[in-house]
Each structure stands twice: as C-alpha cells, then as structure tokens.
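Topology and contacts: notes
Single-letter residue listing:
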Amino acid sequence: MPATLPQIGLLKGLALTLKTMLKPATTAQYPHVKPALPPRSRGVIALMEENCTVCMLCARECPDWCIYIDSHKEVVPPKDEGARARTRNVLDRFAIDFALCMYCGICIEVCPFDALFWSPEFEYSTYSIRELTHEKEQLRAWMDTVPAPPELEVGAELPKEIADGLAAARKAAEQASAAVTAAADAAPAAAKEGAGPTATAVEEDIHVEVQIDQAVFDQLIAEGKTERVARAKAKAAYVRAEKARIRAERESGQ
Amino acid sequence: MTDTLLRPGSGMLPGGPGEGMLVEVRGEGELRTQDMNLNIGPQHPATHGVLRVVIDLDGEKIVRATPVIGYMHRGFEKLAEARDYRQIIALVNRHDWLSAFCNELGVALAVERMMELEVPDRAEWIRVLMAEWNRVLNHLMFVGSFGLELGAITPVFFAFREREDIQGLMESATGGRLHFTYTRVGGLKEDLPRGFLAASAKMTRNVRVRNSEYRDLLEGNEIFKARTRKVGILPPDVALDYGVSGPTLHATGIAEDARVTEPYCRYDKVNVHVPVGATGDSYDRFQILLARIDASLDIIDQVLDNIPPGPVNVKLPKIVKAPEGEIYVRTENPLGQGGYYLVSDGKKNPWRLKMRTPSFNNISAMSYLLKDQLLSDMIAILGSVFFVVGDVDR
Amino acid sequence: MTVIDVVMLAVAVLGGASAILVVVSRNVVHAALYLVVALISVAGTFLLLGAEFLAWTQVLVYVGAVIVLILFGLMLTRAPLGPMPQDNDHTRLAAALSVALFGFLAVLIMQAFGDTALPLSVTPTAAIGEILYVHWAFPFMVLGFFLTVALVGAIVLARREEGEGPEPLFDAEMDSERPTPAPTDVSTTPGVTSPSQEIRT
Amino acid sequence: MTESLLALDNVWLALLLKVAAIVGFFLVAPLVIGYIEHKGLAHMQARLGPMEAAFHGIGQLPADGIKFIQKEDIIPANADKWVFSLAPGVALVPAMVILAVIPLGPGLWAEDLDTGVFFALAVSSVSVIGILMAAWSSASKYSLMGGIRAAAQLIAYELPLVLGAAAVVLQAGTMSLVGIVEAQNDFRILGVVPMWFVLPQALGFLLFFVASLAELSRPPFDMPIADSELIFGHMTEYTGLRYAFFMLAEYAGIVVLSALAVVLFLGGWYPLPGVGLPSFDVLFLPGEVVAALAGFAVTMGKIVALAFVMIWFRATFPRLREDQLQRISWLAFIPLAILNIVVVAVFKVVA
C-alpha cells in the first residue's frame, strides 16, 4: 500500500463527489421517458390465441399454477361425404394470474404450438390484486407488443427451423443457378456472376441498427394505435425498408 | 459478583425465539449494573432483510449477541422435492436473490453430473461469463450497502448505477434483471443476443474505472479506515470452524475457492485470481470485495477472448429424470461456498435437495464476532460479513 | 406598576412555582425539567435587572451544561418513566433547612437595602470584566485553580488501567503491523495462478 | 451600537414587524437549505433528486410539509405524553431566538445585543434539552441510546465551539455581532492588506465549523441519529408534524450556525475584504435600503456556501464512532482551541 499523506483520503472523496455533481445525472425520468427494453425482457406473457390447441401443457408445467384454462369440445362436420365427424377443442377461457406468476417462462418454453410469447410490456400494475388476473382478450392484445427475437451472437448455432430454412433456400438457389448455367450456354460467365450473389444473399444477414420510422409511427398514432404498438410496427417498417435499401445497394454495386 | 437472571416478563412473544434470554447483572449493592437487552431487527435498517440479532448491551458494549434466524424461511428445499428440475431452476435463483445465476448453475451442474451429460463447450463458457457478471453484481451491492451502514450514503447510489448497467446487459441475454433463469439442464436457455460480447467488453472497462471510484470514496477514506480496521477480526481457525467461506474467509488469509480447488464449467481454462487479506478485519473484507470485482472482470475478459462457436444445448428427453443415486456439487457463489446435495430416486423430481448456503455459515460466526464489540462496530461487522437473509433461511 | 414590574412578577411566580415543583415532583426527569424552567426564570430576572451578561452565563452554564449533565446521568441510570417512590425520609429536615436559609437571606437583604429603591441600570460587560479581572483577580484565580485541581482529580479517578484503554484513533503504524499471512498452496490445478498474498490496491 | 433599520418610533409596531420578519425568515431559510440539500446530494450521487413537484422539485419541501400535517400523530403508549409533545418545540425555539441577534445585512437585524455572541451560543446550547426530552420520553431503547450519545457529543463539542468564537471576540474586542462584522471590515493584515478573520483565525474557523457540524449531528458526526444503527435516535418514535419540527430544527440549526460562522469569520455582509456595499439610490429605493438588500444577498450567499459544504460532507463521509468523536474533541479540538486563544491573546497584547 503506498504511503499516503494523512487525511488525503477525505479530500479524494470530496473531489469525487464534486466531480460527480458536475456531471449529468444517470437517473431515467421513467414516466416521461420510457425505458428501451431488450426484446427478451420478461415483461408480460402474451397469448397467440389462434395457435392454442388447449393441450394444457403450460398450465400443468407452471410451477405455481397461475394459468387457468377452460375449453369445450366442438364437433366439426366432416369435410368429405361419409367421413367421420371430427372434434376439436375450443378455448373458452385462458387467464394468467400475474399476482401469482413468477415469470419463470416455463409455459412459453413448453408450448409446442408457439402460442405463448414474452413481451417487454410492463405497465400493467393495478390497484387491486384481483385485477391482475388477465383474460385471453388482454393476453391476445399484448401479442401486438411482442418484438421479433434478437439476432444471435456471432458463433451461435442457429435454431433448427432457421437452419433448415436456410439450407432449403441454399439448395433452391443452387438448383436455380444450376438451371441458369445449363440454360445459358452462350454466356456462362455472365450467368455465374448473376447467380453468385443470389446464393449468398440468403446466407448473408444484414445487420441494421434499429430505429423508428417516424412517418409510419405518426401514421399509426393517428390511426389510434397505442404508442407501444405503433413503435414496434414503426421499428419493423424501418428495419424492412433499411434492409431492402442495403440489399438494393449491394446489388447495384455488383 | 456476577449472577445471571432469567429474564422475567420480557417483551418478546412467549414461546417465540429469544424468549427467556439470560441477562447478566453485575456488581453488588447500590452499584449493580444491569445489561440492556436490545432487539436489532427483524425490521431494522442495518440487517438488510429480516434478520434479528438479540444483543445484551453494557453501555455501548455488546456482552452477548444472538442472531435469531428463520423469519424468512420459505421452505425451498421442501418445495424442490415437489418440482421437476426445470422448475427447480426457476426456484433456486430466488433464495439468494443477489446471486441468482450462480445458484441455478449449481443445481444444473448437480443434475448434469448425475445424468453424466456432456454440456456443449460454448454453454460452459457462457456460464462462466454469466456467473462472473453475477458476482460483480453481487459484490457491487455489498460495497454499496457497507458504505451505507457506516453512514456514507453515496456509494450505494454509485453501486446501483453500475448494477443498472450490468443488469441491463444481463436482461438482454436472459430476459430477467434479478432472477435470470438462464441455465437449463444440459446447457442454456438460448444463445446470447448479437452484440452481447462487445457490450460485455465495454462494460468491463467501465466497471474497472468505477471500481477505482469506490477506492477513492471508501477504501482510502480515513474515517472509513478508523471505523473498520481492527474491527471484527475473524481468525482463520475460527472462520474454518464456523464454515465461513467466500470473501469473508479470504479476508482471513485462506484462499479456498471452489473455482480454483475444484474447478467446474471452464474455470480450469482461465486464470482465477483469488485475493486474500491479512488480518481478517472488516477493512480487509471490504478490500477483498473490491479486489474480487477486479478479479471477476479479468475472468470476463478471458472468457471473451476464448468463447468458442457451437451449440449451447444438448438434446434432452421431454422429461428430465436424474438416475437413482446421490451427488454433492460445490460451486463458488459470490457469498461463498454453495453446496448442492442431490438425492434422486430416478423420478422427475429430486427425492431430496439439500442446499449448503454460504450466508448461513457466515451468519453463524456472528455471535463470535459481535461479542465484546461496540454497538456501532456491530454495524461495521454486519455490513462486512456478507449474507443475504433469504440465503440464510431458505 | 410599569410593564417591567408586571413581567418581573410573572417571571418570579413562574420561577417560584417551578422551583417548588422540582422538589415535589415524583419523577426525577420531570424534576430536572422543572429545574430548567426555574433556572431560565432566574436568567430572566437577571435580564430584567439589566445584568445581561449574567443572564446569558446562567443559560449557557446551567441550562446548557449542568442540566444536560444531570439528564445524561439520569439516562445512564435506569431513568424510569412514571412516578418513583421517594427514596429517603429526610424531607422534613430538608424543608426546615431551606425555610431557615430563605429566612436568613431575606433578613440579610432587607437589612442591607431596606426600602430604598435602586435605580435600574444596565451593567456593561466591560464593568464585569474589570471587577473580575482587576479588583478580584486573586480570588478568581484561586477559584480557577481549585476547579482545575478538581478536574485533574476527576480524570485520574476515571482513567482506566494501563492496557485497558480503547484503540488509538488514527494508528499510523497499523500498516506495518499487519502480519503477512502464511502462504497457502492452492495452485495445484494447472493453468491457475497462485493467489497473491497481498490485496492489489 | 448601530441602529437597526426597523428602529421605529412605535416600539410595539417595531416589535411586531421584527417578530414577523424573524418567523418568516425562520420558515423560509431552512426550506432553501433543504432544497439545496435535496438537489446537491442527489447530483453528487449521480441522481436528479425531486423533479415532479413544481419546477425541478422546488415544491417538494412544502409538499412534504403538507404531508406531515396530514399524518397521524402517534404518541407511544408508554411515552411520557407531556414531555414527548413539548420536546420538538423546545428543540425548535432556540434556533428562532438566535435569529433575533444575527445581522443579515447593514441595518438588517432585530436586536444588536452588547453580548450577541454570548447570547447566540448560550441559547443554542438549550436545544439539546429538547433532544434529551424526546429521547427520554419516547420510552424506546433506540431513542434513549441516541439521547445519551447526543448529550455526550453536545457537551464535548460545545467547548470548541465556544472557544473558537471566544478567540474572535478577543480579536474583535467586542461581543456584539454587528461590531464583529465591522471589526472585520476594519482589520488589516500588517496594517495594509484588508482581510476577514477567516485567515488570521483559520484554526478557529476550522474548529468552529467542525464543532457546529457536531452540534447539529450532521455527518460525519451523526452518531446520535445514526439511521443504520439507532434508526434516527431521539426521532425514532416521532411522526407527522412533531417529526417535521425536528427536521425544521435541524435545518434552522444549519442556517443559524452557518450565519454565525459567516458573521464571526467570513466578514458578514461585506462582499470582499475591504470592499463595501453599494449605497446609492436606485429608482425609488434609498441608498440605505439598497445596501441592506445587497448585504442580505451577500450574507445569504455565504450561508448557502457553508451549508453546501455541510451537504458535501454528508454525501462523502461515513460517520465516526462515538468514542472516536469524543477522543477527537477532548484530545485534539479542545487543546487546539485553547492554544488558538492563547496565540490570539498574545498577538492582541503585542500588537
């Protein structure tokens, strides 16, 4: 420990607090400035009602049994003449008691039909604990606030669905390019050049800094959409447009 | 003459903890002095949680201190017997809310070793990364609250400023700010989001700079030194007798650290610096805390250099069942040694899951540490023997 | 009667009443608090008589220090709330003594001044200083000496035995005194640095 | 003795105006200091502090006051009701009384006492009785511990405070606060350089300032109310308006002791050593009033600066232990204060 002058530590502390005072504060003025939450934030559970088949897996796996599901069976008339009538489950009630929920996300993980999603929406506190039980209409409404999942870190193994999709696309592109090569005998070199970018464009992921498309945002607000929905859609619109632009740029560059 | 009286009608609940505490009466005749019996807690600002310490005071000197625990007992171990392993992971990061990731890691490791699972390399590296970030989060909290208990109100706000940044980082990967629930048996919930590693690298630089601010604010402060040096000295042998671990043990000069002596995940591939103290007093414990933050940041930097590509999960059956048998896994949690003793009868839920939590042992040393100290020093000791009440009671 | 007379009378009644309450109060802390009122009334009397300096001295020394010490002492003992049984039976003797003392002083004052009304004049502080430090310098110093002796005596009595005292406040040598811990051998695992014996600061 | 601006012909009207002015100042000045503490402390901790009540939280303290009025006034069942109720008042009144003698500008004082310094110090020592009353009557062990600590601390730091002020009195040759301000304006180092007493009395100023921190139980000397161990000591059992009175007493104490330090060491209402105040007529205001207003602004500026240092200390330092406090006072401050007086006396006699 270096020898220090006596009492210099007190002065160092004073200097630090004074320095901090002169710098801008880090406080977020919450109700006035909304936090930018990452897409994975476990804010609230949204329900894609159309996907739900009332398999009850979520309700059974929930560690504190906060999911309530009611359903009835409905007989669907056979499509073809003479076939047997089918039954299907119809969802009557899907409610989550957020006063009990511990936000572990197990229900979302176990759902085999992609009916449940996390949304970063968090502003649903109530004055009464009873009002924290949200029914399927509200849960469906929160679907609008579910953002697209973030891109994965470099080196990550892609999820099976995306990897399969990419492989299929690559295969299709190769077939197309092979077809083009075979068809255009006269100018093979030119055809190859044309096919090259098509094959890579699928693989190549274009990274775009997310921003809000102000025009879309304003329009959606004018249409009476909630701010969060409008922001999410405006972001998506921006990303789409930007990616299209970059793609066009790359193509024109080649 | 010293005689001991059974306290008659004390204000405590009959049959409750601390009922019939002994009170010493010293001296003779007119000049007898009687100790004052003071309840610190269960609701008291210095115990950060619902710990209760019953102390007998002779003036400002503590004659006897008895920590009374159990106010926050939530039956985690029993609950775990009725949950499957995925649910247990969501459960165990709640008893010590300041080291959530390290706790879930311990349970996952226990189940994986039972099942003899080979966890993907990338997942193990990410676990190290997250565990170290969690350690930094935890230590920042204690750095702040230690200052607060000694009357310095600023460090805790600074600590929360850094915690906020790190929590935001963790949230982008795990979705949680406190209860991460990111580990799964056989790997992780999902891979990191794009940009996480770059943000981590930036954050380590940031926290290192901020760490030096705590040194300016507290470590070098003469008043702080006067309040903590030679206060609450814990000799190494006593520490070992009580089973104290973690930074509290390192301060006594013993560098026992599960990351070094019994490495798990990829701790054998990184340099783990274990700072140790010399005297085992409160000041040492505080210094260890700051030094451990730096050490954790070093580990994070190493992880960032070494993280391999690949999957983060293994394919598991729909219902995870640990085979029949038992296993004991120990991990170095931020507060000390975490032990997970898992006994399985081959079903989807454990037959018994006993958790050895560092806070419980650390708090056990309290009656030794507090004896013959001043009331004001009690605060310095309570603040520097690191515990989380939820972790004590479970 | 002038305004001064009325105020004087009020202060006297207040002071007298609280003085009586000091002795009849069954609660020691209440008695001490009544004493505060009595002492402040005395200060008020001094003020009304033009002895400003004396009045403030009364407040500073008696109210600010003596009473605080009394209350401090009471709190260190059990300081029970509520009335307490009187712990001695000398009340009659005390009453007789104080009545005698009061009578003696009253007679003395009457003898000295009689009916002559003294002119009310403000005593300048400088005059008090001159009287104390010029005319009565020797007795003043003797008194001061005695008080110092008493103080030293009190310190000697209260001083602890050698080695029993608390730790010094800012101990400069503390750094050098720190023992170096025995080296611990934990670097058995390859690729692990041995922990340093010093905390990096 | 100089004349006060309010020395009207009608004694009763003058008295009424003075009391009104003192009470007004007494109610407003602590709010100003409290607001500065809210914001200063917050920014030192990288926060913003109150932002919602009016512009940048200016209305926060009045809002708090309204909240305190609405709160239930709880008196513990075992408490000594009378003493418990009276204690906040006893703690509050001395601070208000001292304001009567403090000159805030040329002619801006209620009463210029011959023994002003002595009066201020004597009355300030009374407020501890209020704290002791609160501590004892609450029937709470935490309060009692706080009371014992407060008493011990106030006894220990009363001496350096009084001795520090005494050295100034010795140098100025007067006990009148107005006289001391004027003496500082006339003071010249080596008969040439104009300087306030803060320089020749640097040691005294330091002792006075630190001792006033201890008198006010402000960090790092806040052991008597140490919230993390004694849960605010004597204030533990207080709620609502009575608690607000204690808080008001604390902030009024900051104002009063800062003002005393300004008057004793920092040249009172003079903006710079050897520089006077503007005293020409502005519009319809006579020069005398202009000077008084300018002097008031200067004094308030200095008070706020000293209060800011107190807040700065609060943001930075942990608190000392009770035995450390005592040792600092008896082993360092009191000997130093006596030494200071001796040195000043020697200079006074020699010069």
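Residues numbered from 1 in each chain as written. Chains lettered and ligands numbered in written order. Predicted model: local features only at pLDDT ≥ 70, side-chain atom pairs only at ≥ 80, totals over all residues. Heavy atoms only, no water.

Each helix and strand in chain D was counted, giving 11 helices and two strands. Its helices and strands in sequence order give chain D the pattern α-α-α-α-α-α-α-β-β-α-α-α-α, from N to C terminus. Scaling as 2.2 N^0.38, a compact globule of 351 residues should have a C-alpha radius of gyration of about 20 Å, and chain D matches this with 21 Å. Counting only C-alpha atoms, chain D reaches 60 × 50 × 45 Å along its principal axes. Taken over 351 residues, chain D has a buried fraction of 59%. Excluding contacts between residues fewer than 6 apart, the proportion of contacts in chain D whose partners are at least 24 apart in sequence is 77%. As presented, chain D carries roughly 13500 Å² of accessible surface, and 74% of it is formed by carbon and sulfur atoms. Mean positive and mean negative side-chain charge positions of chain D (17 and 24 charges, respectively) differ by 9 Å. (Helix = DSSP H or I, 4+ residues; strand = E, 2+ residues; numbered from the N terminus. Rg over C-alpha atoms; globule rule 2.2 N^0.38 Å. Buried < 20%, exposed > 50% of the residue type's maximum accessible area, 1.4 Å probe, protein only. Contact = heavy atoms within 4.5 Å. Areas by Shrake-Rupley, 256 points an atom, 1.4 Å probe, with all protein chains shown as cover. Lys, Arg positive; Asp, Glu negative; His and termini not counted. Charge placed at Lys NZ, Arg CZ, Asp CG, Glu CD.)

Looking now at the nonpolar core. Considering soluble globular proteins, one finds that nonpolar side chains tend to be buried as a cluster. Ranked by internal contacts, the top residues of the largest apolar core, which has 138 residues, are D:I102, D:Y157 and D:L264. When near neighbours in sequence (up to four residues on either side) are disregarded, D:I102 contacts D:L108, D:W109, D:L177, D:V256, D:A259, D:L260 and D:V263. By size, the runner-up hydrophobic cluster in this structure holds 131 residues, among which are A:I106, B:L38, B:V143 and B:I363. (Core = buried A, V, L, I, M, F, W, Y, C linked by side-chain atoms within 4.5 Å.)

Next up on the list: empty space enclosed by the protein. This structure, assessed with the given rule, holds five cavities of 30 Å³ or more. By volume, the largest cavity is sized at about 400 Å³. Lining the largest cavity are 23 residues, with D:S127, D:I131, D:E215, D:L216 and D:A249 sitting closest to its centre. When residues in the lining of the largest cavity are grouped by element, the largest group, six residues, is from helix α9 (residues 240-265) of chain D. Here the lining of the largest cavity is composed, by residue class, of 14 nonpolar, six polar and three charged. Taken as a whole, the second largest cavity holds about 100 Å³ of empty space. Surrounding the second largest cavity, 15 residues form its lining, A:C52, A:C55, A:C58, A:C111 and A:A115 being those nearest its centre. Along the lines of polarity and charge, the residues of the lining of the second largest cavity split into 14 nonpolar, one polar and no charged. (1 Å grid on protein atoms, 1.4 Å probe; cavity = no way out; pocket = protein on both sides within 12 Å on 5 of 7 lines; lining within 4 Å. Points joined across faces, edges and corners; volume = space filled by probe spheres on them. Nonpolar A, V, L, I, M, F, W, Y, C, P; charged D, E, K, R; others polar.)

Here we come to the sheet that holds strand β5 (residues 52-58) of chain B. Within the open sheet, the three strands sit side by side as β4-β5-β6 (chain B). Their pairing is antiparallel. Every other strand in the sheet has two partners, leaving β4 (36-40) and β6 (61-68) of chain B as the edge strands with one partner each. Neighbour-to-neighbour, the strand axes of this sheet turn through a mean angle of 20°, independent of strand direction. Sheet analysis places β5(B) next to β6(B), joined by seven bridges and oriented antiparallel. Pairing of B:L57 across the sheet is with B:I62, part of β6(B). Across the sheet, helix α14 (residues 375-384) of chain B lies against β4, β5 and β6 of chain B, angled at about 150° from β5(B), the strand it touches most. Across the sheet, helix α6 (residues 141-172) of chain D is in contact with β4 and β5 of chain B; its angle to β4(B) comes to roughly 110°. (Pairing = 2+ DSSP bridges. Axes fitted to C-alpha atoms, helices over the stretch in contact; angles between N-to-C directions.)

In this section: unusual backbone geometry. Cis geometry is adopted by the peptide bond preceding D:P220, which originates at D:P219 and carries an omega value of 0°. Among the structural elements, D:P220 can be located in the loop between α8 (202-215) and α9. If you check the backbone angles, B:E116 has positive phi at about 55° while not being a glycine. Along the chain, B:E116 falls in the loop between α3 (100-115) and α4 (121-149). With a phi close to 50°, D:H56 is a non-glycine residue in the positive phi region.

On to the packing of α4(B) against helix α6 (residues 196-219) of chain B. Residues and elements named next belong to chain B. Look at α4 against α6: their axes get within 12 Å of each other, and the N-to-C directions meet at 25°. Looking at the two axes, α4 sits roughly parallel to α6. Helix-helix and strand crossings are classified by hand; for α4 and α6 the assignment is left-handed. Counting all contacts with α4, which are made through L129, M130, W133, V136, L140, V143 and G147, the residues of α6 involved are F196, L197, S200, M203, T204, V207, Y214 and L218. Residues belonging to the contact of α4 with α6 are distributed by class as follows: 12 nonpolar, three polar and no charged. (Parallel < 35°, antiparallel > 145°, perpendicular 65-115°, else oblique. Left-handed = near helix turned anticlockwise from the far one by under 90°.)

Given two aromatic rings, one states the distance between the centres and the angle between the planes to describe the pair. For the coordinates displayed, the defined rule picks out 29 aromatic pairs over all chains. On the numbers, 6.1 Å between centres and 55° between planes, the contact of B:F224 with B:Y283 is tilted. Here the residue B:F224 occupies a position in helix α7 (residues 222-228), and B:Y283 occupies one in helix α11 (residues 282-306), the gap between them amounting to 59 residues. Of the aromatic side chains, those joined through ring pairs into one cluster are D:F205, D:F208, D:F209, D:F265, D:F313 and D:F317. The ring of D:F68 carries D:K67 above its face, with NZ or CZ at 5.1 Å from the centroid. The ring of D:W196 has D:K302 sitting right over it, with the charged end atom 4.0 Å from the ring centre. (Phe/Tyr/Trp six-rings, centres within 6.5 Å; stacked < 30°, edge-to-face > 60°. Lys NZ or Arg CZ within 6 Å of the ring centre and 35° of its normal.)

Below, the discussion takes up the interface of chain A and chain D. With 12 residues of chain A at the interface, the matching set in chain D holds 14 residues. Buried area between chain A and chain D, both sides added, is near 1200 Å², and the carbon and sulfur share of it is 69%. Remark: the boundary between chain A and chain D carries zero salt bridges. Across the chain A-chain D interface, the total number found is six residue pairs in polar contact (both at pLDDT 80 or more). (Buried area = accessible area lost by both parts, 1.4 Å probe. Salt bridge = Lys/Arg side-chain N within 4 Å of Asp/Glu carboxyl O. Polar contact = N/O pair within 3.5 Å; in protein donor to acceptor, adjacent residues only side chain to side chain.)

This part takes up the interface of chain B and chain A. Accessible area lost when the parts come together is the quantity often used to give the size of an interface. At the interface, 43 residues of chain B touch 37 residues of chain A. Summed over both partners, the interface of chain B with chain A comes to about 3300 Å²; 51% of that surface belongs to carbon and sulfur atoms. In this assembly, chain B and chain A are joined by three salt bridges. Put simply, B:R184 and A:E109 hold a salt bridge, and the shortest N to O gap is 2.3 Å. Inspection of the chain B/chain A interface yields 13 residue pairs in polar contact (both at pLDDT 80 or more).

Looking at chain D as a whole, its pLDDT mean stands at 82, while 96% of the residues score no less than 70. ipTM for the predicted complex: 0.70, alongside a pTM of 0.76. (pLDDT = per-residue confidence, 0-100.)

Residue and element names in this part refer to chain B. With respect to the helices and strands, R135 occurs in helix α4. Placed 16 residues apart in sequence, R135 and V119 show a C-alpha to C-alpha distance of 22 Å. Discounting residues that sit within four places of it in the chain, R135 has contacts with R259, Y264, Y267, R292, S296, E332, N333 and P334.

On to the sheet that holds strand β11 (residues 352-356) of chain B, then. All names here are of chain B. The sheet built from three strands is open, its strands ordered β9-β10-β11 with antiparallel pairing. Each of the sheet's edge strands pairs with one partner strand only, and the pair in question is β9 (325-333) and β11. Along the sheet, successive strands turn relative to each other by an average axial angle of 15°, direction set aside. Bridging between strand β10 (residues 336-344) and β11 involves five bridges; their strand directions are antiparallel. Of the residues in β11, the one forming a bridge with Y341 is K354.

Defined simply, a disulfide is a covalent bond joining two cysteines at their sulfur atoms. Considering all chains together, one arrives at zero disulfides over all chains under this definition. Free of any disulfide, A:C62 has its nearest neighbouring cysteine sulfur in A:C66, separated by 3.7 Å. Since its relative accessible area comes to 6%, A:C62 is described here as buried. With no disulfide of its own, B:C265 lies 9.8 Å from the sulfur of B:C102, the closest cysteine sulfur. (Disulfide = S-S within 2.5 Å.)

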